[in-house]
Amino acid sequence: QLQVVESGGGFVQPGGPLRLSCTAPGRISGVHALCWYRQAPGAQRDLVATIRMNGDTNYADSVKGRFSISREKTRNTVYLQMSNLKPEDTALYYCNIVFHSSATYWGQGTQVTVSS
């Protein structure tokens, strides 16, 4: 079982920034994509951003221009840089690692709360 660990969540005022990190310790190969999802209370889990191993990225319309996903290959780490945060960005943010084999692994989530 691959361990996936998120960090960086917290409380931030509207308009502020926050950076989330996700790490999978150890040597891994065969990764197809790294993704960030989020889930607000009572809502479904939604895809926020994806980065593929060739560097291609995709974003949900609601975060385009505000969020940026990147990865640090040597450390098996993916980041989600969030700026101009809004109260509607409040959610539990999950990291998801997808392999070419279609296996997928999730972290436990990190809470982001945007409020004045």
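A few points on the structure. Given the structure is predicted, the values throughout are model-derived calculations rather than measurements. (Residues numbered from 1 in each chain as written. Predicted model: local features only at pLDDT ≥ 70, side-chain atom pairs only at ≥ 80, totals over all residues. Heavy atoms only, no water.)

**Some remarks on the packing of aromatic side chains**
Centre-to-centre distance and the angle between the planes together describe a pair of aromatic rings. In plain terms, the rule: Two rings from Phe, Tyr or Trp (for Trp, the six-membered ring) form a pair when their centres are within 6.5 Å of each other. A pair whose planes differ by under 30 degrees is stacked, one over 60 is edge-to-face, and the rest are tilted. Only DSSP runs of H or I reaching four residues or more are called helices, and only runs of E reaching two or more are called strands; each is numbered from the N terminus. Here's how the labels work: a residue is buried when its accessible area is under 20% of the maximum for its type, exposed when over 50%, partly exposed in between, all with a 1.4 Å probe on protein chains only. Distance and angle both matter: a charge sits over a ring if NZ of Lys or CZ of Arg is within 6 Å of the ring centre and within 35 degrees of the ring normal.
For the structure on display, the rule yields three aromatic pairs. Relative to Trp-106, the ring of Tyr-94 has its centre 6.3 Å away and its plane inclined at 85 degrees; by these criteria the two rings are edge-to-face. Highlighted residues: Tyr-94 in strand β9 (residues 91-99) and Trp-106 in strand β10 (residues 104-106), separated in sequence by 12 residues. Residue class for Tyr-94 comes out buried when judged on its relative accessible area of 10%. Grouping aromatic residues by their ring pairs yields a cluster made of Tyr-37, Tyr-94 and Trp-106. The ring of Tyr-94 has Arg-45 lying over it, and the distance from NZ or CZ to the ring centre is 3.6 Å.

**Section: the sheet that holds strand β3 (residues 18-23)**
To summarise the sheet geometry, strands pair through backbone hydrogen bonds and adopt either a parallel or an antiparallel arrangement. Convention followed: For two strands to count as paired, DSSP must find a minimum of two bridges between them. The angle between two axes is taken between their N-to-C directions and runs from 0 to 180 degrees, where each axis is a line fitted to C-alpha atoms and a helix contributes only its stretch in contact.
Pairing is antiparallel across the open sheet formed by four strands, whose spatial order is β1-β3-β8-β7. Edge positions in the sheet fall to β1 (5-7) and β7 (67-72), since each of these pairs with one other strand and no more. When the angles between neighbouring strand axes are averaged without regard to direction, this sheet yields 15 degrees. Alignment of β1 against β3, held across three bridges, turns out to be antiparallel.

**Topic: the state of the cysteines**
Selection rule: Whenever a pair of cysteine sulfur atoms sits within 2.5 Å, that pair is classed as a disulfide.
Counting across every chain of the model gives one disulfide. The disulfide partner of Cys-22 is Cys-95, and the gap between their sulfur atoms is 2.0 Å. Looking down the S-S bond of the Cys-22 and Cys-95 bridge, the torsion is -80 degrees, so its handedness is left-handed. A residue pair is termed long-range when its members are at least 10 positions apart, and Cys-22 in strand β3 and Cys-95 in strand β9 qualify at 73 residues. Accessibility assignment for this pair places Cys-22 and Cys-95 in one class, buried.

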